[in-house]
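So the chains spell out like this:
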Amino acid sequence: MHLRLLLLTALALSACAGPPTPTPSPTPSPTPTPAPPAAGELRVAVTGAAPHLDIQREVSEWATLYGPGPAYARLLRFDVSGPAPALRPVCDLCASWRWANPLTFEAVLSPHARWQDAEGFASRPVTPQDVVFSLERLREPGAAHAHLLAAVETIEPVGTDTVRLRLRAPDAGLPLALASPYAVVLAPDALDRVDLRTGRVVGAGPWRFTAQLSGGAVLERWDAYALGPEPGVERITFQRAVSLEVGVELLRADAVDIAQVTEEQWVALEAEGFRSVVLQRQGRGVALGLNAARAPFSDPNVRRAALLALDPQAALEAHFGIGAWGLGMPLEEPGWATTPQDVFNDPAAANALLAGRTPGFTLLVANFGEVYVEHGRALAAQLAAAGFTVTVEVVTRGEYLSRVWAERNFDAFVGPLPPTDLPNDFALALLHTAGASNVTGAGSPALDAAIEAYAAETDAAARAGVVADIQREALEGAWLFMPAIAAERWALGPRVASLPTDLPLGAGELWAGGRLVPEP
């Protein structure tokens, strides 16, 4: 039962991180004139809060993005300065890292890696023993993110500045796992009589976590930080807003500088002169799966006809407005995403494959909000127009979890995926014939071989070629794809000069790149 509840929670979070549900804006109530912000303060509206402060035991982006997460450092972090969306691991606490051999990963700590000082705790260098303690805690049996280090056999300090991880099987995705915002490094001697869920936060990152407000938080720039980009603002205040609508009104009232908004809300805000950035996500959004274990999708030609009948771009624009579509596998570089030209949006080719047949099936549509249901109905209409006989069944979140991910009792489904933040989460779990979350019957010898090669290949250029093979084989096999890969629009007030547009795994790297307009 615990696993079932955890997966349901993760599915809900996956959907909530996806394309926002347009909702009617209520009549705004008068907003008090806000106090002017402090010099160098960036104010961000947030519509949720972290359940607690123990990042390694959390499964919530509220903690990694809007809570204590940015105060911590990890062995590696993500570079958000280039094209997005991407998963580019770079050193955080380390000065360098390498694969000594396919089963041995080594990282040399930076001499500039230091802990923040706190009451009763003096700043000191980060040591290999700190990293070993933290990674061992991360992978404790039953811990929320133990899977990140599933391939690791041993973790050990080497000399005064090196950490060595020995693997039981090749895992080229290990650097991405070490850059996960949950893989934070802790100072064990700062935890004496401290409850990490509620107590103080002592990190080695660019921010001090100075206050936990009612539903919000405050980060103060740590001036002694010398590991990465220097934060561009002095202070970040995450201000609680009970809904996106309230966040919009706070933005209009100049009470916050950044607020996530729906596309419907953005139409009015753009007309009022606001600017925005769109953050493309990976591994979040809406998937469409076809069950190859039973008719009619046990016939590969019927599966291919279903994809050919679909115009994902039209459905995406009509219901979400922003986002992307494709196989949906998270990738290190945006240029690695490819879609064969002859897989989608060709109803004539779909009709030819059906050869006069009108295959009937039931499409389960997970009810994660009105826009998700209408998007699912639009995909069903496209399939019906090409000759399929489609019965749409809208199901609750719990029914969706049970029938699709537990019982595999479906013909086809439209709904969110389990957590798929990393490439191997997607390829090995969902597409490999032995995948733990392969509910569609996906897989072939060629696809399995490509997935296994990608999981072991550490050379970036070679990985780019292999992942192109994975996308081609998976889409031509027509088992699963994502017709709506998530995106978020964040509206910016006049004080904001710039903000990075990459948000890998919900990590807080973008905050260091935020810049305010210089004050006159």
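Presented here is an overview of the structure given in this document. (Residues numbered from 1 in each chain as written. Predicted model: local features only at pLDDT ≥ 70, side-chain atom pairs only at ≥ 80, totals over all residues. Heavy atoms only, no water.)

Between Ala-84 and the following residue, Pro-85, the backbone shows a cis peptide bond with an omega angle of -5°. Counting through the fold element by element, Pro-85 comes out in the loop between β2 (76-78) and β3 (89-91). Across the junction of Ala-295 and Pro-296, the peptide omega takes the value 5°, indicating a cis bond. Assignment of secondary structure puts Pro-296 in the loop between β12 (275-290) and α7 (300-308). Positioned with a positive phi, Asn-345 is a non-glycine residue whose angle comes to about 55°. Here Asn-345 is to be found in the loop between β13 (324-326) and α9 (347-354). On the basis of relative accessibility, which here comes to 46%, the residue Asn-345 falls in the partly exposed class. For Ala-355, which is not a glycine, the phi torsion comes out positive at approximately 50°. Position of Ala-355 among the secondary structure elements: in the loop between α9 and β14 (360-366). Given the relative accessible area of 62%, Ala-355 is considered exposed. (Helix = DSSP H or I, 4+ residues; strand = E, 2+ residues; numbered from the N terminus. Buried < 20%, exposed > 50% of the residue type's maximum accessible area, 1.4 Å probe, protein only.)

The geometry of α7 relative to α9 is characterised by a closest axis approach of 8 Å and an angle of 160° between their N-to-C directions. In terms of orientation, α7 lies roughly antiparallel with respect to α9. Classified by chirality, the crossing of α9 by α7 is left-handed. Where α7 approaches α9, its residues Asn-301, Arg-304, Ala-305 and Leu-308 are matched on the opposing element by Pro-347, Ala-349, Ala-350, Leu-353 and Leu-354. Each residue belonging to the contact of α7 with α9 can be placed in one class, and the counts come to seven nonpolar, one polar and one charged. (Axes fitted to C-alpha atoms, helices over the stretch in contact; angles between N-to-C directions. Parallel < 35°, antiparallel > 145°, perpendicular 65-115°, else oblique. Left-handed = near helix turned anticlockwise from the far one by under 90°. Contact = heavy atoms within 4.5 Å. Nonpolar A, V, L, I, M, F, W, Y, C, P; charged D, E, K, R; others polar.)

Before going further, it helps to spend a moment on the packing of helix α12 (residues 423-431) against helix α13 (residues 445-456). Where α12 contacts α13, the axes come no closer than 10 Å and their chain directions differ by 155°. By the angle between their axes, α12 is roughly antiparallel relative to α13. The two elements α12 and α13 cross, and the hand of that crossing is left-handed. From α12, Pro-423, Asn-424, Ala-427, Leu-428 and Leu-431 reach across to α13, where they touch Leu-447, Asp-448, Ile-451, Tyr-454 and Ala-455.

Our next topic: the environment of Gly-465. Turning to its location among the elements, Gly-465 is positioned in helix α14 (residues 460-477). For the pair Gly-465 and Leu-109, spaced 356 residues apart in sequence, the C-alpha to C-alpha distance is 32 Å.

Now for the side chain of Thr-162. Checked against the element boundaries, Thr-162 lands in strand β7 (residues 162-167). Within the structure, the side chain of Thr-162 is placed 2.9 Å from the side chain of Asp-161, a separation counted as a polar contact. Those residues in contact with Thr-162, other than ones at most four positions away along the chain, are Glu-106, Ala-107, Val-108, Pro-128, Glu-156 and Pro-157. (Polar contact = N/O pair within 3.5 Å; in protein donor to acceptor, adjacent residues only side chain to side chain.)

Covered by surrounding structure in strand β16 (residues 412-415) are Ala-412 and Val-414 together with Phe-413 and Gly-415, the residues of both alternating faces. Both β14 and β16 contribute to a ladder of three bridges, which runs parallel. What sits directly across from Leu-363, in β16, is Ala-412. (Pairing = 2+ DSSP bridges.)

Quick look at the state of the cysteines now. Going through the model one piece at a time under the given rule, you end up with one disulfide. Across the disulfide from Cys-91 sits Cys-94; the S-S distance is 2.0 Å. Disulfide Cys-91-Cys-94: the torsion about the S-S bond is -105°, which places it as left-handed. Under the relative-accessibility criterion, Cys-91 is labelled buried at 17%. Its relative accessible area of 4% is what places Cys-94 among the buried residues. (Disulfide = S-S within 2.5 Å.)

Turning to α14, a few remarks are in order. In this model α14 runs 26 Å from its N-terminal to its C-terminal C-alpha over 18 residues, within 8% of the 26 Å that 1.5 Å per residue would give. Turning to α14, its buried residues number three or more, namely Arg-463, Val-466, Val-467, Ile-470, Gln-471, Ala-474, Leu-475 and Gly-477. The arc that holds the buried residues of α14, viewed along the axis, is 160°, so those residues lie on one side. Structurally, the start of α14 carries an N-cap: the backbone nitrogen of Ala-461 is 3.3 Å from a side-chain oxygen of Asp-459. Backbone geometry just after α14 places Ala-478 at a positive phi near 60°. (Expected span 1.5 Å × (residues − 1). Arc of directions from axis to C-beta.)

Before going further, it helps to spend a moment on the environment of Ala-63. Within the element layout of this structure, Ala-63 appears in helix α2 (residues 61-66). Here the alpha-carbon distance between Ala-63 and Leu-109, two residues 46 residues apart in the chain, equals 25 Å. Leaving out residues up to four positions away in the same chain, Ala-63 has contacts with Ala-50, His-52, Ile-55, Glu-58, Pro-68, Gly-69 and Pro-70.

Read these as layout, nothing more, since geometry by itself doesn't imply function.
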